[in-house]
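Below are the chains, spelled out letter by letter.
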Amino acid sequence: MKNKIAAAVSLHLIAWLAILVVLTGIVFLALGVFWLIAAPLGAGFSALIVGGGLLGLTLILGLVGLIIAKARSKAKKGASHRSTDNQIEEQLRPFIGDRATEWAKANTGIAVVGALSAGVLVAASPSMRRLIYDAARPLVARKALQAMQGLAERD
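To keep things clear, this report deals only with the structure shown in the data block.

Cut-offs and rules
- All residue numbers refer to positions counted from 1 along the written sequence of the respective chain.
- The model is predicted, so local features are restricted to residues of pLDDT at least 70 and side-chain atom pairs to those at 80 or more, both for listing and for counting; the totals for chains, interfaces and linings are taken over all residues.
- As a rule here, side-chain values come from all non-hydrogen atoms in the structure, and water together with hydrogens is ignored.
- Secondary structure elements are taken from DSSP: a helix is a run of H or I of four residues or more, a strand is a run of E of two residues or more, and numbering for both begins at the N terminus.
- Atoms counted for the radius of gyration: C-alpha only. Globule rule: 2.2 Å times residue count to the power 0.38.
- The rule is simple: take the accessible area with a 1.4 Å probe, protein chains only, and divide by the maximum for that residue type; under 20% is buried, over 50% is exposed, in between is partly exposed.
- Between two residues, a contact is recorded if the distance between any of their heavy atoms is within 4.5 Å.
- Residues adjacent in sequence count toward polar contacts only when both atoms are side-chain atoms; beyond that, a polar contact is any pair of N or O atoms within 3.5 Å, and within protein one must be able to donate a hydrogen and the other to accept it.
- How far a helix is expected to stretch is found by multiplying one less than its residue total by 1.5 Å.
- Fitting axes to the seven residues ending at a residue and to the seven starting there, one defines the bend at that residue as the angle between these axes.
- Nonpolar side chains (Val, Leu, Ile, Met, Phe, Trp, Tyr) within 5 Å and like charges within 9 Å form the patches, drawn only from residues with over 30% relative accessible area and no salt bridge.
- Working definition of accessibility: Shrake-Rupley area with a 1.4 Å probe, residue cover restricted to the visible protein chains.
- Should a side-chain nitrogen of Lys or Arg be within 4 Å of a carboxyl oxygen of Asp or Glu, the pair is scored as a salt bridge.
- Lines fitted to C-alpha atoms define the axes, with helix axes restricted to the stretch in contact, and inter-axis angles between N-to-C directions lie between 0 and 180 degrees.
- To sort the angles, those under 35 degrees are grouped as roughly parallel, those over 145 as roughly antiparallel, those from 65 to 115 as roughly perpendicular, and the leftovers as oblique.
- Think of it as three bins: nonpolar holds Ala, Val, Leu, Ile, Met, Phe, Trp, Tyr, Cys and Pro, charged holds Asp, Glu, Lys and Arg, and polar takes everything else, Gly as well.

**A short note on the overall build of the protein chain**
Then comes step 1: Helices and strands together make up the secondary structure of the protein chain, namely 5 helices and 0 strands.
Then comes step 2: Over its C-alpha trace the protein chain gives a radius of gyration of 28 Å, far above what one expects of a compact globule, namely 15 Å for 155 residues.
Then comes step 3: Overall, the protein chain is about 80 × 40 × 35 Å in size when its C-alpha atoms are taken along their principal axes.
Then comes step 4: Taken across its 155 residues, the protein chain has 5% of its residues classed as buried.
Then comes step 5: Put simply, of all contacts in the protein chain between residues at least 6 apart along the chain, 24% involve residues at least 24 apart.

**Here's the deal with the side chain of T101**
Then comes step 1: You can see T101 is positioned in helix α3 (residues 84-106).
Then comes step 2: In this structure T101 comes out as buried when scored by relative accessible area, which is 4%.
Then comes step 3: Not counting residues within four places of it along the chain, the set of residues in contact with T101 comprises E89, R93 and I96.

**Examining the side chain of S46**
Then comes step 1: The topology assignment puts S46 in helix α2 (residues 43-79).
Then comes step 2: Here S46 falls in the buried class, since its relative accessible area comes to 0%.
Then comes step 3: At 3.3 Å, the side chain of S46 forms a polar contact with the backbone nitrogen of A38.
Then comes step 4: When sequence neighbours within four positions are dropped, the list of residues in contact with S46 reads F34, I37, A38 and L41.

**Here we look at helix α5 (residues 126-154)**
Since there are 3.6 residues in each turn of an α-helix, residues three or four apart along the chain are aligned in direction.
Then comes step 1: For α5, built from 29 residues, the straight-helix expectation of 42 Å at 1.5 Å per residue is met to within 8% by its first-to-last C-alpha distance of 40 Å.
Then comes step 2: Maximum bend of α5: about 40°, positioned at A136, with proline P138 one to four residues after it.

**Here's the deal with a nonpolar patch on the surface**
Then comes step 1: A cluster of nonpolar side chains, W16, I19, V22, L23, I26, L54, L57 and L61, forms an exposed patch at the surface whose accessible area comes to about 750 Å².
Then comes step 2: For the nonpolar patch, the secondary structure elements donating two or more residues are α1 (2-41) and α2.
Then comes step 3: Sorting elements by how many residues they give to the nonpolar patch places α1 first, with 5 residues.
Then comes step 4: Following the sequence through the fold, L61 ends up in helix α2.
Then comes step 5: For L61, a relative accessible area of 57% translates into the label exposed.

**Digging into the packing of helix α4 (residues 108-124) against α5**
Then comes step 1: Running from N to C, α4 and α5 point in directions that differ by 115°, and their axes come no closer than 5 Å. In terms of orientation, α4 and α5 fall into the roughly perpendicular class. Facing L121, V122, A123 and A124 of α4, the residues of α5 in contact are P126, M128, R129 and I132.
Then comes step 2: For the contact of α4 with α5, the class distribution of residues is 7 nonpolar, no polar and 1 charged.

What follows is the structure, encoded as structure tokens:
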């Protein structure tokens with residue numbers, strides 16, 4: 001686990017270092033262009049040209065990124081044919097089991113009213129919160145242990 005964290009942190013630092021190097025290169029390129037055109041055109045006009053060029057380049061890169069993001073989102077929407085209900089069901093099934101998931105699908109109204117009532121009851125009563133916490137503690141502990149074992153097995 002420590003190796004994964006160290007690798008992620010070092011990758012993060014390398015990414016920021018690369019960004020710093022690229023930005024430094026852009027600054028020096030802009031400065032070089034400024035010095036090149038400052039003698040014949042003057043400092044003020046050269047600054048306008050270099051600054052406008054950098055802003056234009058940023059605008060073009062932003063538009064290209066926006067076009068790419070829209071194309072990816074269209075491709076992702078076309079590839080995803082599952083409905084939201086199916087996605088929620090797939091996420092809940094490992095936690096509550098097949099039988100409870102099928103019951104909740106068949107009795108959606110009762111499940112919603114029960115969940116809202118439980119929420120109101122838990123919010124209003126500290127003793128009910130404690131009772132639910134005490135009842136859920138073994139389940140949460142078991143799920144946490146399973147998750148940690150799953151992470152350990154991947155290493």
